[in-house]
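Each chain, letter by letter, is given below.
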Amino acid sequence: MPDQRLWIPELKIGLGLWYGTYAAGTHRQTKRLWLRWYDADGQWLMTDAELARHGAEAERQRAEAEHQKALAEQRRANDAEVQLATLKAKLRAQGIDPNGLLE
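Read on for an overview of the structure.

## Structural notes on the environment of Lys31
Reasoning step 1: Within the secondary structure, Lys31 is located in strand β3 (residues 29-38).
Reasoning step 2: Expressed as a C-alpha distance, the spacing of Lys31 and Arg62, which sit 31 residues apart in the sequence, is 31 Å.
Reasoning step 3: In this structure, Lys31 is in contact with Tyr19, Gly20 and Thr21, ignoring residues within four places of it in sequence.

## Things to note about the pattern of salt bridges
Pairing of side chains with opposite charge becomes possible as their charged atoms draw close.
Reasoning step 1: Using the criterion set out here, one finds 3 salt bridges in the structure.
Reasoning step 2: With its nearest N and O atoms 2.7 Å apart, the salt bridge here joins Glu57 to Arg60. Placement of both Glu57 and Arg60 in helix α1 (residues 48-93) is noted, with a separation of 3 residues, approximately one turn of the helix.
Reasoning step 3: For Arg60, a relative accessible area of 46% puts it in the partly exposed group.
Reasoning step 4: One salt bridge connects Glu59 with Arg62, and the closest N-O pair in it is separated by 2.6 Å. Within this pair, Glu59 and its partner Arg62 are both found in helix α1, separated by 3 residues, close to a single helical turn.
Reasoning step 5: Take Glu59: its relative accessible area is 42%, and that puts it in the partly exposed class.

Cut-off values and rules
- Each chain carries its own residue numbering, running from 1 in the written order of its sequence.
- In keeping with the predicted nature of the model, local features appear solely for residues at pLDDT of at least 70, side-chain atom pairs appear and are counted solely at 80 or more, and the whole-chain, interface and lining totals rest on all residues.
- Heavy atoms from the whole structure form the basis of all side-chain values; hydrogens and water molecules are not counted.
- Here a helix means four or more residues in a row that DSSP labels H or I, a strand means two or more in a row labelled E, and each is numbered from the N terminus.
- Should any heavy atoms of two residues lie within 4.5 Å, those residues are counted as being in contact.
- Whenever a carboxyl oxygen of Asp or Glu lies within 4 Å of a side-chain nitrogen of Lys or Arg, that contact is scored as a salt bridge.
- Whether a residue is buried, partly exposed or exposed follows from its accessible area with a 1.4 Å probe, protein chains only, as a fraction of its type maximum: under 20%, in between, or over 50%, in that order.

Remember, this is a structural readout, not a statement about activity or role.
Shown next as structure tokens:
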């Protein structure tokens, strides 16, 4: 294997040697040469641990985006309340009861 990879055409997947750190558990990380699968583009396929971390990170980012969206909606609601109060005050200053307009 000149490039330390072996393509298996029947499976449309390859097996090669990869050097890096593999997290075998929550605390154990081992840096060495590993046997690892790769795709037709030559990209290493994610391990179960990498998929789990990737999924957890994607979920964290989704939750953060939802939180930011909720904060923005709350700011818009607060701004609308301030504008409504300002308009009511202006109407009252002109002798108009704003509550009577809304009925």
